[in-house]
Amino acid sequence: LGIVNAETEGMDMSETSVSVGRVYHETHGHVLKIVIDNAVKKNSFSPEMMAELSDAMTLLDRDEGLWVGVLCAVGDDFTAGLDMPKFFGPKATVKPRPEGNIDPFGLANRCRKPLVTAVQGIVYTVGIEIALAGDIVIAADSSRFCQMESKRGIAPLGGAHFRYLTRMGWGDAMYHLFLCDEFKADRALKIGLVQEVVPAGMQIERAMEVAQLIAKNAPIGIQVTKEAGLTFIAGGEKAAIGVIPEIRQRVFNTEDMKEGIQSFVERRQAVFKGR
């Protein structure tokens, strides 16, 4: 699960350089920017940071003024995974999330809103799984991916075993899950793990651009599109068809639907209000 070792990684772990790490968020109009900030440990997650990520994603999910999220990280790397001693060491204090909070891996409770992830540098194990719990991944050309659990005698715990399959198909999925190899951004783009590759340093800017473009569309239309897609993944075509009548009833005659149709007739940019 992305073991971080100060000696093997060559990091300065002196008292002045050690960061406790945090996940914070900023609001940019209707876009919530969520930032992983533990660069001194390659943005590895402590239990506190994982809880902060869950809180931020829950805010995105529940705040009706927020329509799209962007998840990114400071420094040279997206994340090397879990800070293993803090999760599994003798002093580990992992507390359960509040009931109903969004699961950062989207296994128990997935965010209803679109989430665009910007990745760079090391994107290992939990890093890939959190990225794939979102919807669109923008990768810097410096990105390096690896799902190494099988090498450590651990099964993927954050959804890689099925999200790889939905993104890239059986052969490519098993190739990387079995080999536990490191591969680069161009390979990730080819197999559908990421949707765009941009020059290093531009990934957050591009992710914000994509998020703002999504935010120009009707929020309810975006959300029910994601809902229907997730229903298909969970239950197949019959389940996805089954939710169409309820979705149709929910969106019909909303203010945003009226504005979308009116703006089309008037040949102008729609101005949606999220209701």
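Just above, that's the structure.
Residues numbered from 1 in each chain as written. Predicted model: local features only at pLDDT ≥ 70, side-chain atom pairs only at ≥ 80, totals over all residues. Heavy atoms only, no water.

Undergrad: Explain the overall build of the protein chain residue by residue, including any values.
TA: What the protein chain contains, in helices and strands, is eleven helices and nine strands. Expressed as lengths along the three principal axes of its C-alpha atoms, the size of the protein chain is roughly 65 × 40 × 40 Å. Buried positions account for 47% of the 275 residues belonging to the protein chain. Here the analysis covers contacts within the protein chain between residues at least 6 apart in sequence; of these, 67% occur between residues at least 24 apart. (Helix = DSSP H or I, 4+ residues; strand = E, 2+ residues; numbered from the N terminus. Buried < 20%, exposed > 50% of the residue type's maximum accessible area, 1.4 Å probe, protein only. Contact = heavy atoms within 4.5 Å.)

Undergrad: So what's going on with a nonpolar patch on the surface? Which residues, and what values?
TA: A cluster of nonpolar side chains, Ile261, Phe264 and Val265, forms an exposed patch at the surface whose accessible area comes to about 360 Å². Here phenylalanine 264 shows up in helix H11 (residues 255-266). (Patch = residues over 30% accessible without salt bridge, like charges linked within 9 Å, V, L, I, M, F, W, Y side chains within 5 Å. Areas by Shrake-Rupley, 256 points an atom, 1.4 Å probe, with all protein chains shown as cover. Salt bridge = Lys/Arg side-chain N within 4 Å of Asp/Glu carboxyl O.)

Undergrad: Quick one: what's the story with helix H9 (residues 219-242), residue by residue and with numbers?
TA: Helix length check: H9 (24 residues) gives 22 Å between terminal C-alpha atoms against 34 Å at 1.5 Å per residue, more than 12% under. At glycine 235, H9 shows its largest bend, some 140°. Within H9, burial applies to Pro219, Gln223, Val224, Lys226, Thr231 and Ala240. In this fold, the buried residues of H9 make contact with helix H10 (244-251) and H11. (Expected span 1.5 Å × (residues − 1). Bend = angle between axes of the 7 residues up to and from the residue.)

Undergrad: Please set out the state of the cysteines residue by residue, giving values where relevant.
TA: Note on terminology: disulfide describes a covalent bond linking the sulfur atoms of two cysteines. Across all of its chains, the model carries zero disulfides by this definition. Cysteine 111 provides the cysteine sulfur closest to cysteine 72, a residue in no disulfide bond, and the two sulfurs are 15 Å apart. According to the relative accessible area criterion, cysteine 111 is buried, its value standing at 4%. (Disulfide = S-S within 2.5 Å.)

Undergrad: With reference to specific residues and values, describe the sheet that holds strand S6 (residues 136-140).
TA: The sheet built from six strands is open, its strands ordered S1-S2-S3-S4-S6-S9 with mixed pairing. Every interior strand has two partners, whereas the edge strands, strand S1 (22-28) and strand S9 (196-198), have only one. Averaged over all neighbouring strand pairs, the angle between strand axes comes to 20°, with direction disregarded. As paired elements, strand S2 (residues 31-37) and strand S3 (residues 68-73) share six bridges and run parallel to each other. Note on S3: the bridge partner recorded for lysine 33 is valine 70. (Pairing = 2+ DSSP bridges. Axes fitted to C-alpha atoms, helices over the stretch in contact; angles between N-to-C directions.)

Undergrad: Could you give an account of the sheet that holds strand S7 (residues 144-146), naming the residues involved and the relevant values?
TA: Across the sheet, which stays open at both edges, the three strands sit in the order S5-S7-S8 with mixed pairing between neighbours. Pairing within the sheet leaves two strands with one partner each, and these edge strands are strand S5 (122-124) and strand S8 (182-184). Pairs of neighbouring strands in the sheet enclose a mean axial angle of 25°, with direction left out of account. When S5 meets S7, the two strands line up parallel, connected through three bridges. By the bridge assignment, valine 123 is partnered in S7 with phenylalanine 145.

Undergrad: Quick rundown of helix H5 (residues 160-168)? Include the residues and the values.
TA: Within the span of H5, buried status applies to Ala160, Arg163, Tyr164 and Met168. End-on, the buried residues of H5 take up no more than an arc of 105°, which puts them together on one face. Contact partners of the buried residues in H5: helix H3 (126-132), helix H6 (170-179) and S8. Positive phi appears at glycine 169, one or two residues downstream of H5, with a value of about 90°. (Arc of directions from axis to C-beta.)

Undergrad: Residue-level account of the packing of H5 against H6, with values.
TA: As a packed pair, H5 and H6 sit with axes 7 Å apart at the nearest point and diverge in direction by 140°. Considered as vectors, H5 and H6 are oriented oblique to each other. Crossing of H5 against H6: the hand is right-handed. Contacts from Ala160, His161, Tyr164, Leu165 and Met168 of H5 reach H6 at Trp170, Asp172, Ala173, Met174, His176 and Leu177. A per-class count over the contact of H5 with H6 returns eight nonpolar, two polar and one charged. (Parallel < 35°, antiparallel > 145°, perpendicular 65-115°, else oblique. Left-handed = near helix turned anticlockwise from the far one by under 90°. Nonpolar A, V, L, I, M, F, W, Y, C, P; charged D, E, K, R; others polar.)

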